[in-house]
Amino acid sequence: MKIHLRNLLIASATYVGAFLGITIFSMIAGIIYLDEYDPDVMIYIGTVFFTALVSWASYLTFYLVQRKTANEDVNAKFLRLGPRIIGGLTASAIAAVVLLLLCFFWISDYGDVESLLRSYIDVAGAILGIFVVINFVDFIVLKPRP
């Protein structure tokens, strides 16, 4: 297996693992309860899912662009740290936009004035912080071309 394909699989596994890890930790910590269908729990899980999905899609886009460059030009310059940091910043910004602008105001069917994440702002910050760290690690360490 080629190194760049292995890096794609590892990066994909980290995003799936982060989604599952955050969800399972939230159940253990008592943030969410899966006793019955609860709209707030579905909003919480959906928020974590969409944040993981856009982070993974950002990495996949970066991966495909860099692989296209590597396949078209055999003498392509070495992928330096700068583009990888910019990719991590971009992925983190996109995740923040999805989390804070789209999911932050997602109100349940209970008719509450505030959403679950607005009530627990520290949880939203923790979710965003986890994905920022994962984005930087994946973009910097798991590069798509040498």
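Residues numbered from 1 in each chain as written. Predicted model: local features only at pLDDT ≥ 70, side-chain atom pairs only at ≥ 80, totals over all residues. Heavy atoms only, no water.

Attention now moves to the packing of helix α1 (residues 3–29) against helix α2 (residues 39–72). Where α1 contacts α2, the two axes come as close as 10 Å, and the packing angle between them is 170°. Accordingly, the angle class assigned to the pair α1 and α2 is roughly antiparallel. From α1, H4, L5, N7, L8, A11, S12, Y15, F19, I22, T23 and S26 reach across to α2, where they touch Y44, I45, V48, F49, A52, S55, W56, Y59, L60, Y63 and R67. Looking at the contact of α1 with α2 residue by residue, the classes come out as 15 nonpolar, 6 polar and 1 charged. (Axes fitted to C-alpha atoms, helices over the stretch in contact; angles between N-to-C directions. Helix = DSSP H or I, 4+ residues; strand = E, 2+ residues; numbered from the N terminus. Parallel < 35°, antiparallel > 145°, perpendicular 65-115°, else oblique. Contact = heavy atoms within 4.5 Å. Nonpolar A, V, L, I, M, F, W, Y, C, P; charged D, E, K, R; others polar.)

A few words now on helix α3 (residues 81–103). Here α3 is 23 residues long and its end C-alpha atoms lie 31 Å apart, about the 33 Å a rise of 1.5 Å per residue gives. If you check which residues of α3 are buried, you get R84, G87, G88, A91, S92, A95, A96, V98, L99 and C103. Residues of α3 that are buried sit in contact with α2, α4 (116–119) and α5 (121–141). (Expected span 1.5 Å × (residues − 1). Buried < 20%, exposed > 50% of the residue type's maximum accessible area, 1.4 Å probe, protein only.)

Locating L64 in the fold gives a position in helix α2. The exposed category is assigned to L64, whose relative accessible area is 51%. In this structure the C-alpha to C-alpha distance between L64 and P144, which are 80 residues apart in sequence, comes to 8.1 Å.

Checked against the element boundaries, I10 lands in helix α1. Judged by its relative accessible area of 36%, I10 falls in the partly exposed class. Through-space distance from the C-alpha of I10 to that of Q66 is 17 Å; in sequence the pair is 56 residues apart.

With that settled, consider the nonpolar core. Counting residues in hydrophobic clusters, the biggest one holds 32 residues, and the most contacted among them are Y44, V48, Y59, L117, I127 and F131. Elements that contribute at least two residues to this core include exactly α1, α2, α3, α4 and α5. Sort the elements by how many residues they give to this core and α2 lands first, with 8 residues. Discounting residues that sit within four places of it in the chain, F131 has contacts with Y15, A18, I22, V48, T51, A52 and S55. (Core = buried A, V, L, I, M, F, W, Y, C linked by side-chain atoms within 4.5 Å.)

By themselves these figures say nothing about function.
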